[in-house]
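Breakdown of the fold
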Amino acid sequence: MKCRVCNNHIEPFISFGDMPIANGFLLEKEFKDEYFFELATAFCEKCFTVQLVTQPDPNLMFHDNYAFFSKTSKSMQSHFKEFANWIIANYLKNKDPFIIELGSNDGILLENFLNNKIRHLGVEPSANVAKVAIDNGINTEVAFFDNNFANQALLKNGKADAILAANVMCHIPDLNEIAKASKKILKDDGVLIFEDPYLGDMIKKISYDQIYDEHVYIFSAISVKNIFAYHGFELIDTLPQETHGGSMRYVLCKKGSRNVSENVSNLIKKEKNLGLDKLSTYKQFKVDCELSKVKIKSLLKKLKNEGKKIVGYGATSKSTTILNYCKIGPELIDFISDTTPIKQNKYTPGMHIPVKPYEYFIKYNPQIAVLFAWNHRKEIENKEKLFIKNGGKFISHIS
Ligand code: TYD
Ligand code: ZN
């Protein structure tokens, strides 16, 4: 296959087998028509991006029933408030600034700009999540951000001081188009700021569940620097984040328009030490994933044989990769509780474990909860003090 960014020839280094749509929670009557594709990942030795080999049609993933609402987590709400304040303090110094957010979801980030009376535009392809933002007064258009959209937005609003994206850039297959459209729409001193799950964390934690249909890329500073350099952008800052089990915030601008922080060279040095620029690192990652799979599966089987009541906590997108790769179904996990109404009383994609409202977790009194929302461990352990006090255990494939 060819690299999606630089067209170099690349080979997959891991396949997770047949995979359904990660957020494709479904009803029993829909089982027979469920869509599967081969989830496999490749590494480009020229531009150093880790990317999916094939990705389902975007319309299968982002649609009017999109099951992912950002505001379900309290800690994410405070993260986005801090993120907005940081952008305002550091990058919105021009008079009457204007910002655009790609994939603005339910408005979790933009509401902070609205509250500060800053001109903003959210671009969100899933109508149901966009509606939540629109109902809250956030200026949002239901669309994919591409060249056409950039041209229209430019006519309507003029150039932007900042283009933002949170957990969205890694969803977009054609980054060359995004880079071109961003360059066109940004002011000369404008910035492109985005954050996404970080490859360094994924390799260190063996958190292979970051890999699913929506995440067409898992970025590192090395890859982001290269991808955007092709289009005249410069990576000027990198800031690690705790969100999504380890993320990185990247700041880019038109080359030469701003100073470059030493954070960038420091991080790239660390990435080279970790081997993120070498195929051998990814081959080792594959071995690590296989070991992780054997470990979690045998632990669950052992607990089940001991007669333990096992449930899952958080029907995350990530859990779809774990469950289908490790072949864990309702014979091991009785149900997964989740606070998102659109997922409740449906089944998990592929392995068909029932998803139940949070109240079921409380009433069922399980002994073991598989923490699929391990990225919210602190928030959840805090909330579930009683479960833990009563001897309940959270387990996860991430140690
Ligand atoms: P998220 O962390 O966004 O993971 P992913 O990107 O892999 O989907 O999703 C967290 C899921 O966990 C979401 O469906 C809501 C659910 N959840 C709970 O059920 N209870 C909680 O206390 C928290 C924090 C999340
Ligand atoms: Zn490449």
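Here we summarise the structure given alongside this text. (Residues numbered from 1 in each chain as written. Chains lettered and ligands numbered in written order. Predicted model: local features only at pLDDT ≥ 70, side-chain atom pairs only at ≥ 80, totals over all residues. Heavy atoms only, no water.)

**What about the layout of surface pockets?**
Rules: A pocket, in this scheme, is an open set of points on a 1 Å grid over the protein atoms alone with protein on both sides within 12 Å along at least 5 of 7 lines, while a cavity is a set where a 1.4 Å probe fits but cannot get out; residues line either one if an atom lies within 4 Å of a point. Grid points are joined across faces, edges and corners, and a volume is the space filled by probe spheres set on the points. Only DSSP runs of H or I reaching four residues or more are called helices, and only runs of E reaching two or more are called strands; each is numbered from the N terminus. Side-chain classes are defined by residue name, with Ala, Val, Leu, Ile, Met, Phe, Trp, Tyr, Cys and Pro counting as nonpolar, Asp, Glu, Lys and Arg as charged, and the others, Gly among them, as polar. As annotated, the domain borders come from an automatic or database domain assignment.
Estimated volume of the second largest pocket: approximately 500 Å³. As for the second largest pocket, its lining consists of 23 residues, of which S75, E242, T243, N375 and K378 are closest to the centre. Looking at the lining of the second largest pocket, the elements that each hand over two or more residues are α2 (74-91), α7 (199-205), β10 (233-241) and α13 (377-383). Considering every element that reaches the lining of the second largest pocket, the biggest residue donor is α2, with seven residues. Its residues placed into classes, the lining of the second largest pocket shows five nonpolar, ten polar and eight charged. Both domains that furnish three or more residues to the lining of the second largest pocket are identified here as domain 2 (70-259) and domain 3 (281-395).

**A word on the sheet that holds strand β13 (residues 336-337)**
The following threshold applies: Strand pairing follows a simple DSSP-based rule, namely that at least 2 bridges must link the two strands.
Strand order in the open sheet formed by five strands is β14-β13-β12-β15-β16, with parallel pairing between adjacent strands. The open sheet has two edge strands, β14 (355-356) and β16 (393-395), and neither has a second partner. Sheet topology note: the strand β12 (residues 310-313)/β13 ladder contains two bridges and is parallel. Bridging from a neighbouring strand, G312 pairs with I336 of β13.

**Regarding the pairing of strand β8 (residues 186-197)**
For clarity, the threshold we go by: Relative accessibility thresholds used throughout: buried, under 20% of the residue-type maximum; exposed, over 50%; partly exposed, between the two (1.4 Å probe, protein chains only). Here the term right-handed applies to a crossover when the path leading from its first strand over the helix to its second strand runs clockwise, the strands being oriented away from the viewer.
Of all twelve residues in β8, nine are buried, a share of seventy percent or more. Where strand β7 (residues 160-166) lies against β8, six bridges are found, and the strand directions are parallel. Bridging from a neighbouring strand, A165 pairs with F194 of β8. At this point the chain moves from β7, through helix α6 (residues 175-185), to the parallel β8, and the crossover so formed is right-handed. Of the strand pairs in this sheet, β8 and strand β11 (residues 247-254) are connected by seven bridges, and their pairing is antiparallel.

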